[in-house]
Amino acid sequence: MSAISSITIPSTLSLSLPKPHITYQIHVSIAGSLQSYQVSRRYSDFIDFHRQIVETTGLHPPKTLPAKTYLRSPDIEARRIGLEDYLQAILDDKSLRASAVLKQFLEVPLPRQTRQNRDFYELVQDVRADLQLARRHLQSHNAESYVQIKKALNSAEKTFAEIATLEKLVDVSEAETRRRRDVCDELHRESLSLMTLAQNYRHSAQGLHSQQTSTHSSEGSSPFAPKSSAGRRLGPAQETASTLSKTNEELLEGQTQIIQQQDDLLSSLLPILQRQKELGNIIGQELDEQNGMLDELGDSMDALDAKLKKGGKQITKITGKK
């Protein structure tokens with residue numbers, strides 16, 4: 001296998017399926033080559049890797065894994081840095097960096113496989129670029145928006161087809177295959193969502209155009225028709241029973257009172273809206289904590305499952321049963 005020259009974890013990725021969790025995007029560079037590739041790992045994968053490298057080498061990595069915490073944004077960033085330092089310390093250790101467990105964990109490819117691993121993530125970046133372009137056109141709200149959005153999404157679909165073809169040719173682990181499928185599923189859902197928004201925008205734009213065309217036609221049907229908006233009556237306001245007996249000063253005072261009442265009503269709504277905002281922030285924090293707890297629970301279950309499998313193998317060896 002190729003030698004590793006550097007390991008970094010530049011970013012994380014939040015996924016919602018099969019349950020909310022965080023993956024760490026590990027960037028691996030190969031010595032003596034300009035080529036590099038990326039693999040995704042969950043925190044539970046790091047726990048399994050740590051156990052395996054200790055068992056196979058009898059050595060403990062120079063740095064320990066970051067402790068488990070309920071993940072919030074600052075905690076995720078701190079863990080990302082800690083995991084990067086953990087891997088870099090292993091790479092700097094002469095006794096550990098040649099470990100087959102490390103290369104298996106990072107899926108270090110054979111020289112002929114490096115290009116294939118890079119291709120997947122390059123294609124994913126192409127898809128993300130197309131989706132970003134579609135989002136920009138969706139926000140532009142001009143006559144050509146729908147055409148440009150559809151063009152960008154069609155380009156993304158073609159890239160999806162290339163990814164599907166590539167995946168049939170590349171031999172990667174089951175875990176990496178699952179992670180790649182999760183990434184593609186997320187991008188597919190985003191593409192479908194953008195197409196739905198684009199179609200809704202197109203229909204609303206067509207409806208507005210039809211309404212404007214109908215209005216212009218009705219205005220142009222008579223050369224003496226007043227040039228005013230449809231349904232709008234021009235001229236002085238109609239008097240009512242409540243205004244006939246009032247002077248201009250009284251009318252102005254009454255109007256001022258109405259405006260003041262409206263201002264008071266809006267002022268009374270402001271504390272309510274602020275309270276709603278505070279409640280929304282609190283709920284958001286609670287959801288972040290719950291997601292973190294679910295992620296930690298998933299990690300614990302994965303670690304427990306690994307221990308049970310190991311215990312089962314040991315029991316089988318002791319009892320001599322197959």
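Residues numbered from 1 in each chain as written. Predicted model: local features only at pLDDT ≥ 70, side-chain atom pairs only at ≥ 80, totals over all residues. Heavy atoms only, no water.

Where an unreviewed UniProt entry is consulted, the chain appears under the name SNARE complex subunit, with the organism given as Taphrina deformans. Regarding the chain, the relevant UniProt record gives this comment under Subcellular location (unreviewed entry): "Vacuole". Regarding the chain, the relevant UniProt record gives this comment under Function (unreviewed entry): "Essential for proper morphogenesis of the vacuole. May exist as structural reinforcement on the surface of the vacuolar membrane and be required for maintenance against rupture by osmotic pressure." (UniProt positions renumbered as here; feature names shortened; annotations may be inferred.)

**Q** Honestly, unusual backbone geometry in this entry has me stumped. Any pointers?
**A** Keep in mind that most residues, glycine aside, have a negative phi and that most peptide bonds are trans. In this model, glutamate 107 sits at a positive phi of 55°, which is unusual for a non-glycine residue. Structurally, glutamate 107 is set in the loop between α3 (100-105) and α4 (114-140). Here glutamate 107 falls in the buried class, since its relative accessible area comes to 12%. (Helix = DSSP H or I, 4+ residues; strand = E, 2+ residues; numbered from the N terminus. Buried < 20%, exposed > 50% of the residue type's maximum accessible area, 1.4 Å probe, protein only.)

**Q** It is not clear to me how the layout of surface pockets should be interpreted in this structure. Could you clarify?
**A** Rolled over the atoms, a probe sized like a water molecule indicates the empty space that remains. Of the voids in this model, the second largest pocket is the one considered here, and its volume is about 280 Å³. Mapped onto the lining of the second largest pocket, the elements with two or more residues apiece are β1 (4-15), β2 (21-30), β3 (36-41) and α4. Looking at the lining of the second largest pocket element by element, the count peaks at seven residues for α4. Partitioned by chemical class, the residues of the lining of the second largest pocket number six nonpolar, seven polar and three charged. Residue assignment places the lining of the second largest pocket across two domains, with domain 1 (3-106) and domain 2 (120-206) each supplying three or more. (1 Å grid on protein atoms, 1.4 Å probe; cavity = no way out; pocket = protein on both sides within 12 Å on 5 of 7 lines; lining within 4 Å. Points joined across faces, edges and corners; volume = space filled by probe spheres on them. Nonpolar A, V, L, I, M, F, W, Y, C, P; charged D, E, K, R; others polar. Domains from an automatic or database assignment.)

**Q** I'm lost on the nonpolar core in this one. Help?
**A** Among soluble globular proteins, nonpolar side chains are generally buried collectively. Membership of the largest hydrophobic core comes to 28 residues, with the highest contact counts inside it found for Ile26, Phe46, Phe49, Leu87 and Leu106. Breaking this core down by element, the ones donating at least two residues are β1, β2, β3, α1 (43-57), α2 (73-92) and α3. By residue number, the principal contributor to this core is α2, which donates six residues. Residue contacts for leucine 106: discarding those within four places in its chain leaves Ile4, Ile7, Ile26, Val28, Tyr37 and Val39. Counting 24 residues, the second largest nonpolar core, distinct from the first, contains Ile163, Val170, Met195 and Ala198. (Core = buried A, V, L, I, M, F, W, Y, C linked by side-chain atoms within 4.5 Å. Contact = heavy atoms within 4.5 Å.)

**Q** Can you walk me through the packing of aromatic side chains in this structure?
**A** Ring pairs (aromatic) are described by centroid distance and by the angle formed between their planes. Inspection of the entire model under this criterion finds four aromatic pairs. Aromatic side chains tyrosine 24 and phenylalanine 46 sit 6.4 Å apart centroid to centroid with 90° between the ring planes, which places their arrangement in the edge-to-face category. Of this pair, tyrosine 24 sits in strand β2 while phenylalanine 46 sits in helix α1; the two residues are 22 residues apart in sequence, bridging distant segments of the chain. Residue tyrosine 24 is classed as buried on the basis of its relative accessible area, which comes to 0%. (Phe/Tyr/Trp six-rings, centres within 6.5 Å; stacked < 30°, edge-to-face > 60°.)

**Q** Please clarify how a nonpolar patch on the surface should be interpreted in this entry.
**A** Where nonpolar side chains cluster on the molecular surface, the patch consists of Leu265, Leu266, Leu269, Ile272 and Leu273 and spans about 490 Å² of accessible area. As for its placement among the helices and strands, leucine 266 is situated in helix α8 (residues 248-319). Exposure remark for leucine 266: the relative accessible area of 55% places this residue in the exposed category. (Patch = residues over 30% accessible without salt bridge, like charges linked within 9 Å, V, L, I, M, F, W, Y side chains within 5 Å. Areas by Shrake-Rupley, 256 points an atom, 1.4 Å probe, with all protein chains shown as cover. Salt bridge = Lys/Arg side-chain N within 4 Å of Asp/Glu carboxyl O.)

**Q** How should I be thinking about the pattern of salt bridges in this particular structure?
**A** When charged atoms on two side chains of opposite charge get close, those side chains can pair. Applying the stated criterion to the full structure yields twelve salt bridges. Where arginine 179 meets aspartate 45, a salt bridge forms, and the shortest distance between an N and an O atom there is 2.2 Å. Remark: aspartate 45 occurs in helix α1 and arginine 179 occurs in helix α6 (residues 174-220); sequence separation between them is 134 residues. Each of the two residues, arginine 179 as well as aspartate 45, counts as buried. A salt bridge links glutamate 190 to arginine 135, with the nearest nitrogen and oxygen atoms 1.9 Å apart.

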